[in-house]
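What follows is each chain in one-letter form.
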Amino acid sequence: MFIQTLRPPATGEDFRFNVAGCSGITMVRVLVNSKPIFRRQFDSMLCKSLVTIPNGVEGETLSISAEDSAGHSKKLEYQISKADPGAHSMLSRYN
């Protein structure tokens, strides 16, 4: 399982990410610091998602976590930018 994005999160912008290699039902959560902004269950091997980053949260931490029904999990964290820093791939590391 892995989590991938092409652009880091920027305040007030849409943020796209994928969770792939999942087994069974996968729960995906996105938080800004400890405040949840997205929660969804998927039942496919590829989960494509879009969230809008709230305004005024630059410098805070965006966390994406995924856990599937086989017990696999991944987490990816970013510092939220004030403006879009441009494209570059980010990929979660293996546990």
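Remember, it's a predicted structure, so these values are computed and weren't measured experimentally.

A. Main features of unusual backbone geometry. Phi is positive for N33, which is not a glycine, with a value near 55 degrees. In this fold, N33 is placed in the loop between β3 (26-32) and β4 (35-42). On the accessibility criterion, N33 (43% relative accessible area) is partly exposed.

B. Expanded view of the pairing of strand β5 (residues 46-52). Burial of β5 is one-sided: the residues C47, S49 and V51 facing one way are buried, the residues L46, K48, L50 and T52 facing the other way are not. Here strand β2 (residues 14-20) pairs with β5 via seven bridges, running antiparallel. By the bridge assignment, A20 is partnered in β5 with L46.

What counts as what
Throughout, a residue's number is its position along its own chain's written sequence, starting from 1. Thresholds applied to this predicted model are a pLDDT of at least 70 for local features of residues and 80 or more for the giving and counting of side-chain atom pairs; totals over whole chains, interfaces and linings are not thresholded and use all residues. By convention in this description, side-chain values take in all heavy atoms of the structure and omit both hydrogens and water. The numbering of helices and of strands both runs from the N terminus, where a helix is a DSSP run of H or I of at least 4 residues and a strand a run of E of at least 2. Here the term buried applies to any residue with accessible area under 20% of the maximum for its type, exposed to any over 50%, and partly exposed to those in between, with areas from a 1.4 Å probe on protein chains only. Any two strands with at least two DSSP-identified bridges between them are counted as paired.

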